[in-house]
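In case you want the letters, here they are:
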Amino acid sequence: MENPNWSMVELEAPSEEDFLRAEHHTAAPANKTRNRNAKQLTWVLLLKAHKAAGCLTSIASAFFSLGSLVRRRVAAGRTDQPPTSADTHEIQKLRTRFFYSCIKLFLWLSVVLFAFELCAYFKGWHFATPNLQLQYIFQSPLAIKGAFDLLYSSWVLVRVHYLAPPLQFLANACIVLFLIQSLDRLILCLGCFWIRFKRIKPVPKHDDTSDLESGQKGFFPMVLVQIPMCNEKEVYQQSIAAVCNLDWPKSKILIQVLDDSDDPTAQTLIKEEVLKWQEAGANIVYRHRILRDGYKAGNLKSAMNCSYVKDYEFVAIFDADFQPNPDFLRRTVPHFKDNEELGLVQARWSFVNKDENLLTRLQDINLSFHFEVEQQVNGVFINFFGFNGTAGVWRIKALEDSGGWMERTTVEDMDIAVRAHLRGWKFIFLNDVECQCELPESYEAYRKQQHRWHSGPMQLFRLCLPDIIRAKISMGKKFNLIFLFFLLRKLILPFYSFTLFCIILPMTMFIPEAELPAWVVCYIPATMSFLNILPAPKSFPFIVPYLLFENTMSVTKFNAMISGLFQLGSAYEWVVTKKSGRSSEGDLVSLVEKESKHNKGSSVPNLSEVKMETKQEKMVSKKKKKKKHNRIYMKELTLAFLLLTASARSLLSAQGIHFYFLLFQGVSFLLVGLDLIGEQLD
């Protein structure tokens, strides 16, 4: 079909000149003009219809692709349920399945109640509001005409007298906790605003002394750099290269590669990489433990027992996927000069793959708030925050004074930070010093990471509570540690998020005499999500998915919190977070520059060659790895059907906001349960 000979501007309304010109023309030209306008209008309508048809076709193809993906995933049958082999202990299986069984019980109960309520609705029992006038149920002996009406009226009375009061009490308690936590979040945001408004920033003391080796001016104490790793073949090369590129006098730095790998191939690759940098002139050593007790804490503890550690004053720690900039030590270590009370300088994380998929974008929102608001505000106003386990510099004297690394929990970083705080050491957080790392790209890896991050603090709280009470610190610091740091942000937050929005809210749909106000369901959560997303303003289009996803993750966090608090088997599970080995262009450039400095007699490495070598190593490692699969997560899927059933029940009571919240939250659980949010694997 050819395009007509006209432009879109000709579709404008006729002007006065057109009317004057029309008076001097005969009726025939006027008819031609009308025919021409009608033809143009027809073309516009056809174009719009074509666009609408294309849009509908795209939506239909997207739904078709999604449906086929879900069908394949369900047919594969890979779930997150534990194996039922004979080697598994019966007690461990019961502990793992108890939480899932409780959620299934709520689902079946909601399905039965929904069927019961649906029958009552079609028999004329219409309750538009939860405030029932029960005195009208028995207006006359003939008011109840059948067995079903008698049964339903009895159910209503049971609801009112026995079920609604305890449910309403629990709902009110969760609302109070919700308001307290929201107030804490608001105060943190105001503190961050004050820091920005006053431009408060930790400033190191200037030093004019010169280093004899390099001739550079500055503070250059002896620094030990540790890189703990375990079977991380995807990232070992770029992390070792980044640390060897640190701008620090060679005689004042020693790099320890602490390899806990049990894979012989990984051990060989990491050892060869260390030898390569030793030949290039880097002061780097390789350490491997035969007895791998205590996970990361045991690895760090073993490395600190080396005899040469006594010659060093500070230790910088980087996980295997972290890539510090060359000036990292020059921007962090000077803060220790003439500040004998300072025990830790923590840098901020930045992420090379934050735009990889929806899951990484939502993680970036969460961690941006954690660093820019929580860590920065606590560092400025109370000089204490939880050590992030990496991208930080410790004074070795502070580590030794606090008892060193302990393997008693899965959060050894938080453990050492709390013990150092009780001993009077101060911390500094540098929001303008960033260290690149990776975010988990698959939901399975992120889920395991969050389980460890939320079960460990509860283990630590049980162990540290007597020490906090006996510690010779102010009552304000004790209150901050016990109530704010542990109870409010580590225990209460996952408890009320899961209980209020995943259990109580659906139950109020079936017991409408207990109600949740609309401001609890909609307005305050939206406001808190808005505050959370402020440190990452480019992520504002994802504010609704972020709100829904945080509620979805509450089931994992609640389960982890209960496991850590009551010392269940999964609380001590340590799983290394899977990495994809993504590196930025700047990392490869710095690697080329560093190698060219050490090999002046040879030709300068080509950037494309370095890229190709890195890509080939990733391809080889992918072939050797076990094939990964997307899974179906049964707890999330069960909660999805529970929330969708409750949303259908809310239609009978005409509760608009509750219906939309439950519907979208149920869809969110459904997408996560089918593992459609993160990395998609064939």
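Residues numbered from 1 in each chain as written. Predicted model: local features only at pLDDT ≥ 70, side-chain atom pairs only at ≥ 80, totals over all residues. Heavy atoms only, no water.

Participant: What am I meant to see in the overall build of the chain here?
Facilitator: What the chain contains, in helices and strands, is 19 helices and eight strands. Burial statistics for the chain: of 682 residues in total, 49% are counted as buried. The long-range fraction of contacts in the chain, counting pairs at least 24 apart against all pairs at least 6 apart in sequence, stands at 81%. Surface exposure of the chain reaches about 34,700 Å², of which carbon and sulfur atoms provide 61%. (Helix = DSSP H or I, 4+ residues; strand = E, 2+ residues; numbered from the N terminus. Buried < 20%, exposed > 50% of the residue type's maximum accessible area, 1.4 Å probe, protein only. Contact = heavy atoms within 4.5 Å. Areas by Shrake-Rupley, 256 points an atom, 1.4 Å probe, with all protein chains shown as cover.)

Participant: Explanation requested: the sheet that holds strand β6 (residues 342-351) in the structure shown.
Facilitator: For sheets, the rule is that strands pair by backbone hydrogen bonds, running either parallel or antiparallel. Here eight strands make up an open sheet; going across it, the order is β3-β2-β1-β4-β7-β6-β8-β5 and the pairing mixed. Of all strands in the sheet, those with a lone pairing partner are β3 (284-288) and β5 (323-324), marking the two edges. In this sheet, strand β7 (residues 392-395) lies alongside strand β4 (residues 314-317) in antiparallel orientation, the contact comprising four bridges. Bridge pairing links Val 315 to Trp 394 in β7. Taken strand by strand, helix α7 (residues 295-304) contacts β1 (223-229), β2 (253-259) and β3, and its axis lies near 145 degrees from that of β1. (Pairing = 2+ DSSP bridges. Axes fitted to C-alpha atoms, helices over the stretch in contact; angles between N-to-C directions.)

Participant: Would you explain unusual backbone geometry in this entry?
Facilitator: Of all residues except glycine, most have a negative phi; of all peptide bonds, most are trans. With a phi close to 55 degrees, Arg 199 is a non-glycine residue in the positive phi region. For Arg 199, the position within the fold is in the loop between α4 (147-198) and β1. Residue Arg 199 is classed as exposed on the basis of its relative accessible area of 76%.

Participant: Got a minute to help me understand the side chain of Thr 409 in this structure?
Facilitator: By the secondary structure assignment, Thr 409 is in the loop between α10 (396-401) and α11 (412-422). Thr 409 sits in the buried class, given a relative accessible area of 7%. Polar contacts involving the side chain of Thr 409 include one to the main-chain amide nitrogen of Val 411, which spans 3.3 Å. Here Thr 409 is in contact with Asp 415, Gly 456, Gln 459, Leu 460 and Leu 463, once residues within four sequence places are set aside. (Polar contact = N/O pair within 3.5 Å; in protein donor to acceptor, adjacent residues only side chain to side chain.)

Participant: Teacher, can you tell me more about the pattern of salt bridges here?
Facilitator: Oppositely charged side chains are able to pair whenever their charged atoms sit close together. The full count for this structure, using the stated rule, is 27 salt bridges. Ionic pairing is found between Glu 372 and Arg 196, a salt bridge with its closest N-O pair at 2.1 Å. Separated by 176 residues along the polypeptide, Glu 372 in helix α9 (residues 358-381) and Arg 196 in helix α4 bring together distant segments of the chain. With a closest N to O distance of 3.4 Å, Lys 557 and Glu 550 form a salt bridge. When its relative accessible area of 11% is taken as the criterion, Lys 557 is described as buried. Linked by salt bridges that have partners in common, Glu 117, Arg 159, Glu 513 and Arg 649 make up one network. (Salt bridge = Lys/Arg side-chain N within 4 Å of Asp/Glu carboxyl O.)

Participant: How should I be thinking about the UniProt feature "transmembrane region" (unreviewed entry) in the chain in this particular structure?
Facilitator: Per the UniProt record, the feature "transmembrane region" (unreviewed entry) sits at residues 105-124, 169-195, 481-510, 632-651 and 657-677. Summarising residues 481-510: 100% helix, 0% strand, and an end-to-end C-alpha distance of 40 Å. (UniProt positions renumbered as here; feature names shortened; annotations may be inferred.)

Participant: Help me understand helix α15 (residues 543-565), please; the structure alone is not making it clear to me.
Facilitator: Each turn of an α-helix holds 3.6 residues, which means side chains three or four residues apart point in the same direction. Taking 1.5 Å of rise per residue, the 23 residues of α15 would be expected to cover 33 Å, and the 31 Å separating its terminal C-alpha atoms lies within 8% of that figure. Maximal helix bending in α15 amounts to about 30 degrees, located at Ser 554. Of all the 23 residues making up α15, 18 are buried; the element is thus mostly covered by neighbouring parts of the structure. Among the residues trailing α15, Gln 567 stands out with phi positive, at a value near 55 degrees. (Expected span 1.5 Å × (residues − 1). Bend = angle between axes of the 7 residues up to and from the residue.)

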